[in-house]
Amino acid sequence: MQTLINMKKSALFFALVIFSIGLQAQIDYTKLVNPFIGTGGHGHTYPGASMPFGMMQLSPDTRGADWDGSSGYHYSDSVIYGFSHTHLSGTGIPDYCDLLLMPFSGKVPWDSEEYRSSFSHSTEKASPGYYEVMLEKQNIKAQLSTSYRSGMHQYTFPQNASDGAILIDLKHRDQVLESYIEKISSTELRGFRRSKSWAQNQHLYFYIKFEQPIEEFAIKTDDGRVVNTTIAQGTSLKAFVRFATGNKVIKAKVGISGVSTEGAKKNLEKEIAHWDLEKLKKDSKKAWNKELSKIEVKGGTPDQQVAFYTSLYHTFLAPNIYQDVDGQYRGTDLKVHKATPNTNYSVFSLWDTYRAYHPLMTIINQQKTGDWINTFLRQYKDGGMLPVWELSGNETFTMIGYHSVPVIWDAYQKGIRGFNEKLALKAMTSYAEGNRFGLPHYIKYGYLSNDIEHESTSKTVEYAYDDWCIAQFAKSIGNDSVYKQFSARAQYYKNVFDPSTGHLRGKLQSMWYSPFDASEINDFYTEGNSWQYSFAVPQDVETLIEMHGGNAPFAKKLNELFTTSSKTTGRDQADVTGLIGQYAQGNEPSHHMAYLFNYVGMPWRTQELIAQINKEFYTNSPDGLIGNEDCGQMSAWFIFSAMGFYPVCPGNGDYVLGTPLFDEVIINLENGKTFKIKADRNDPGAHYVSATKLNGRSHTKSFLLHTDISNGGTFEFTLSNKPDKVWGTAKANFPRSKIKSNPIVAVPFFNMTSNKFKEVAAVSLKATEKGSSLYYRRIQPNMRTTFVKYEKPFEITESCEVEAYAQRGTERSKTVVQQFHKIPSDKNITVLSTVNSMYTAGGPGALIDGITGTTNWKAGEWQSYYDTDFEAVVDLQKEVPVNYVGVHVLQDVSPWILYPKEVIFYASANGADYKEIARVQNTVDTKLETVQAQELGSAVNVQTRFLKVKVVNGGKLPQWHESAGNPSHIFIDEIIIK
């Protein structure tokens, strides 16, 4: 009898399992995706059709290449120019939008203002792998779907249309370097487009096949002629195809390739062998459901579920496959290679994605993570370096650091192998020991100074984190010497820590840049300010806490980040959005910071901040992303945080706990196991953690290990609507982040506001760390003193250099150097124009100090005058003979700095009555885009005391400029009088 009961129980159990599996199989996750999220505001996403990680992104283009149009589409627009085949998801720089197709009827609308059409969002439909819209100008219904390297257009014309035609625009969007289009049969076209934008040399080959024969074909050539030839080459090509009267539905299939037209044809023939749009749409939906089902969520509001699955969808849009079906790809040497056995990819936004996107993929996409690392190594072999921000085989060098390194190390320490470890270490150190972006200075002095490299503070701290990853990877594969070398470099962030302010500050040589405003967005930081970088030490949080004086002072400073005024000063930076105090959720440097309260025993503060960000900054609306999507990073933050944990330091195997948004989350791992997260709330809105369990046992730590997830199991949160100030507050339960080996001594700094003086200067030194002794020596022409111990400030009366180092026990810091300049005291200046607050060079005296600046205008040596002329009076203090007058000026057209039109000099004996003595015209064209400096001056013969200088602004930006018509800057750093 008992056996029978057990059999019935077993049968019931298996029936329930089968029923459960059936329910899971019936879930259409694509219905929980809203591709319009992020297409408004500053999200920079696109709504069109693509496959997971697909090479083709077939989507509408609604505007040109401006910042909010980086993806080609913005929700606020009301016209569509057509449908192009490549798009970037959420980037901050525009590119792609290659090969535009636009349907029409009747007269050929060659100009974009003629062929564009109004549309309404009410007729738009978008889901993963599918897009449709009604083009209102001629009532043409457009439907699009894709495979991985190919796609299908279906255009339905109204009954009263006399014909059906498609315009093909090869000129659309970026600068075309060369292109051609060719009709090769009655149903086939092929062509090529090589263009320059963000990617300086992008190759795109295409093959187009139509369902029915072409009745008419013509090409508009570069000279504006419309010709009936079957092939044409140029840089401004457009063409059209027309089909027989009465054809109300036109279908076109397009294959693309970075290798050849033959490759594009093979890609299409392999992937789409039919003309059934519905079948293609279903195949795409199936592929998307496979990816989206890797994480299942229950609970939350319907809008929160849509926000979550749309975020998951966004993380599968990039990187993109970048090889043909036969394995051929174009490498970063721009030559054709063959990838075996791993798939080759492109579009690596690594400054963004190393933080959360790639750690997420180590959980749900380990195989692709291995492919991406092998792609990195191919790029090293092909092009000589690991990627920084690679796009379509082009290294753009956008953003900072060498963040392919943490992706490799994080994956490796999580057990993802299948790549050449020795080659990986060689590639890592090759970049880190190279000569790009100030690295020699960073290696020599232990930090970057802004007179050497702009964004110096940000680069110092991000280099240091990358160096920590190199050290850990070297140690794991048995290379102890590299481990020790890079463990020291991983601590170089200490050299830009100012103990008096508790901030990571910018230096000019060995002095802090002054005056200091932590909220100022300036050239010492990358897309941010000191607040948004002063906690960017994920590899050594515990030491950073010690440098602040312990848990309480650090917690106070961290809390100040979130509670201080949300107003930023300095440069307007559109990326800095989603402010809570000075924390900026809309840009990546802040992303880990809300989790840092766990490191000082205040996890409840993390929980309330994460709950706030989850609910306020990720919504089901076009502006539902608070900042640029950045190829999946903005969404990956939300996916992790909604599940209840986050990788503060990729590479250490920890996920720091926050608070879950949903009642249940199931992660379906590639190894067949599942990891379930459950939330037991005492109130529907409860988000404070009062207890946690791992696999049924009490879990007191405020972090999880990667192995806890990869081994499968269940993690349970007990949540309350009141903060629990006991759970997670014991130090033994804090997350781990400390560099314990090879501690360095931080460099000293010169505790002064200027390195210029007229008669005498008192040189003051200070140590960053307590317990350090300081040593210095002076270096002057033909004189080099020995190092002596610093006891108190000392005087200098001539221009010189001073070297200094700090020592603690037997360990000493790097030796730093500071130049001091004795400046002329025979003149004064009164500036009559308003200087740009971002570029003051320390004040008016910089214009008559006898020191001319380099072309590195971000180093702080130049003054800027924006949308105005510059005017100043120099008092020579007595009448003297003057035989030459001039100004030293700079031009860098891309960032809006133009040479002045002319410079006019006037002389006066009494400071009231001025007479023109010289006028010098600028002759350098604004088309010369390289940064350059020149002296605009003239010989004169005058006895005078006062000289007035007027520098006439260069005017509006030229027509070819992406910001044409906007005002320009004058950059001036010296008035020269002989």
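Residues numbered from 1 in each chain as written. Predicted model: local features only at pLDDT ≥ 70, side-chain atom pairs only at ≥ 80, totals over all residues. Heavy atoms only, no water.

Here we come to the pattern of salt bridges. With the rule as written, the count across this model stands at 38 salt bridges. One salt bridge in this structure joins D283 and K279, with 3.0 Å as the shortest N-O distance. Of this pair, D283 and K279 both sit in helix α4 (residues 277–292), 4 residues apart, which is roughly one turn of the helix. We classify D283 as partly exposed; its relative accessible area is 35%. In this structure K279 comes out as partly exposed when scored by relative accessible area, which is 39%. (Salt bridge = Lys/Arg side-chain N within 4 Å of Asp/Glu carboxyl O. Helix = DSSP H or I, 4+ residues; strand = E, 2+ residues; numbered from the N terminus. Buried < 20%, exposed > 50% of the residue type's maximum accessible area, 1.4 Å probe, protein only.)

Let us look at the nonpolar core. Here is a general trend for soluble globular proteins: nonpolar side chains tend to be buried in one another's company. Core analysis: the largest hydrophobic core is formed by 169 residues, its most contacted members being F308, M643, F645, I667 and F750. Per element, the largest residue contribution to this core is 10 residues, and it comes from helix α12 (residues 456–476). (Core = buried A, V, L, I, M, F, W, Y, C linked by side-chain atoms within 4.5 Å.)

Backbone-to-backbone hydrogen bonds join strands into a sheet, with any given pair of strands oriented parallel or antiparallel. An order of β25-β26-β27 is seen for the 3 strands of this open sheet, with the pairing classed as antiparallel. Each edge of the sheet is formed by a strand with only one pairing partner; in this case those strands are β25 (348–349) and β27 (394–395). Pairing between strand β26 (residues 389–391) and β27: 2 bridges, direction antiparallel. Opposite E390, over in β27, you have E395 as the bridge partner. (Pairing = 2+ DSSP bridges.)

The strand order across the open sheet formed by 6 strands is β20-β38-β39-β43-β40-β41, and the pairing between neighbours is mixed. Either end of the sheet is taken by a strand with one partner, and the two such strands are β20 (295–298) and β41 (697–698). Where strand β40 (residues 688–694) meets β41, 2 bridges bridge the pair, whose relative direction is antiparallel. The partner of L694 across the bridge, within β41, is R697.

Residues A318 and P319 are joined by a peptide bond in cis, for which omega reads 0°. Within the secondary structure, P319 is located in the loop between α5 (302–315) and β21 (320–321). The omega torsion of the bond from T340 to P341 falls at -10°, within 30 degrees of zero and hence cis. Following the sequence through the fold, P341 ends up in the loop between β23 (336–338) and β24 (345–346).

As enumerated under the stated definition, the model contains 55 aromatic pairs in all. Note on W110 and F240: the rings are 5.8 Å apart at their centroids and 75° apart in plane angle, and the pair reads as edge-to-face. Of this pair, W110 sits in the loop between β5 (100–104) and α2 (112–115) while F240 is found in strand β18 (residues 238–243), placing the two residues 130 residues apart along the sequence. Here the aromatic rings of Y839 and W857 are separated by 5.8 Å at their centres, their planes lie at 65°, and the arrangement is edge-to-face. Here W857 lies in the loop between β55 (828–831) and β56 (863–866) and Y839 lies in the loop between β55 and β56, a separation of 18 residues in the sequence. (Phe/Tyr/Trp six-rings, centres within 6.5 Å; stacked < 30°, edge-to-face > 60°.)

Turning our eyes to something else, we now look at the side chain of H591. Among the secondary structure elements, H591 is positioned in the loop between β35 (583–584) and α16 (603–617). Among the polar contacts listed, one links the side chain of H591 to the backbone oxygen of Q585, at a separation of 2.9 Å. Dropping the residues within four chain positions of it, H591 is found in contact with Y583, Q585, Q633, M634, W637 and Y646. (Polar contact = N/O pair within 3.5 Å; in protein donor to acceptor, adjacent residues only side chain to side chain. Contact = heavy atoms within 4.5 Å.)

This part takes up helix α7 (residues 357–364). In terms of burial, α7 is a largely internal element, 8 of the 8 residues being buried. Looking at α7, one finds that the buried residues are Y357, H358, P359, L360, M361, T362, I363 and I364.

Packed helix pairs are specified by the crossing angle of their axes together with the interaxial distance, meaning the distance between the axes. Here helix α9 (residues 404–413) crosses helix α10 (residues 421–432) at 150°, and the two axes come no closer than 10 Å. One finds that α9 runs roughly antiparallel with respect to α10. Seen from above, α9 lies across α10 with left-handed handedness. Residue-level contacts link V405, I408, W409 and Y412 of α9 to E421, A424 and M428 of α10. Of the residues assigned to the contact of α9 with α10, the class counts are 6 nonpolar, no polar and 1 charged. (Axes fitted to C-alpha atoms, helices over the stretch in contact; angles between N-to-C directions. Parallel < 35°, antiparallel > 145°, perpendicular 65-115°, else oblique. Left-handed = near helix turned anticlockwise from the far one by under 90°. Nonpolar A, V, L, I, M, F, W, Y, C, P; charged D, E, K, R; others polar.)

What follows is about the environment of T353. Relative to the helices and strands, T353 resides in helix α6 (residues 350–353). Note: C-alpha distance between T353 and F971 (618 residues apart in sequence) is 36 Å. Residues within four places of T353 in sequence aside, it is in contact with H358, P359, D630, C631 and Q633.

Moving on: helix α15 (residues 551–563). Taking 1.5 Å per residue, 13 residues should reach 18 Å; α15 reaches 18 Å between its end C-alpha atoms and fits that length. Tucked into the core, α15 has its buried residues touching β29 (503–504), α14 (541–548), β34 (579–580), β35 and α16. (Expected span 1.5 Å × (residues − 1).)

Bringing the side chain of D371 into the picture now. Its place among the elements puts D371 in helix α8 (residues 366–383). One buried charged residue, D371, remains without a salt bridge, the closest side chain of opposite sign being K368 at 6.4 Å. Reaching out from D371, the side chain makes a polar contact with the side chain of N342 at a distance of 3.1 Å. Excluding residues within four positions of it along the chain, D371 makes contact with N342, T343, Y345 and R378. (Lys, Arg positive; Asp, Glu negative; His and termini not counted.)

This part covers the confidence of the model for the protein chain. Residues with a pLDDT of 70 or more make up 97% of the protein chain, whose mean pLDDT is 94. Counting interchain partners and residues more than four positions distant, the pLDDT-below-50 stretch residues 1–25 has 2 contacts. (pLDDT = per-residue confidence, 0-100.)

As paired elements, strand β45 (residues 756–757) and strand β54 (residues 816–822) share 2 bridges and run parallel to each other. Among the inter-strand pairings, K756 is bridged to a residue of β54, identified as H821. The pairing of strand β52 (residues 800–808) with β54 spans 5 bridges and is antiparallel. By the bridge assignment, E803 is partnered in β54 with V817.

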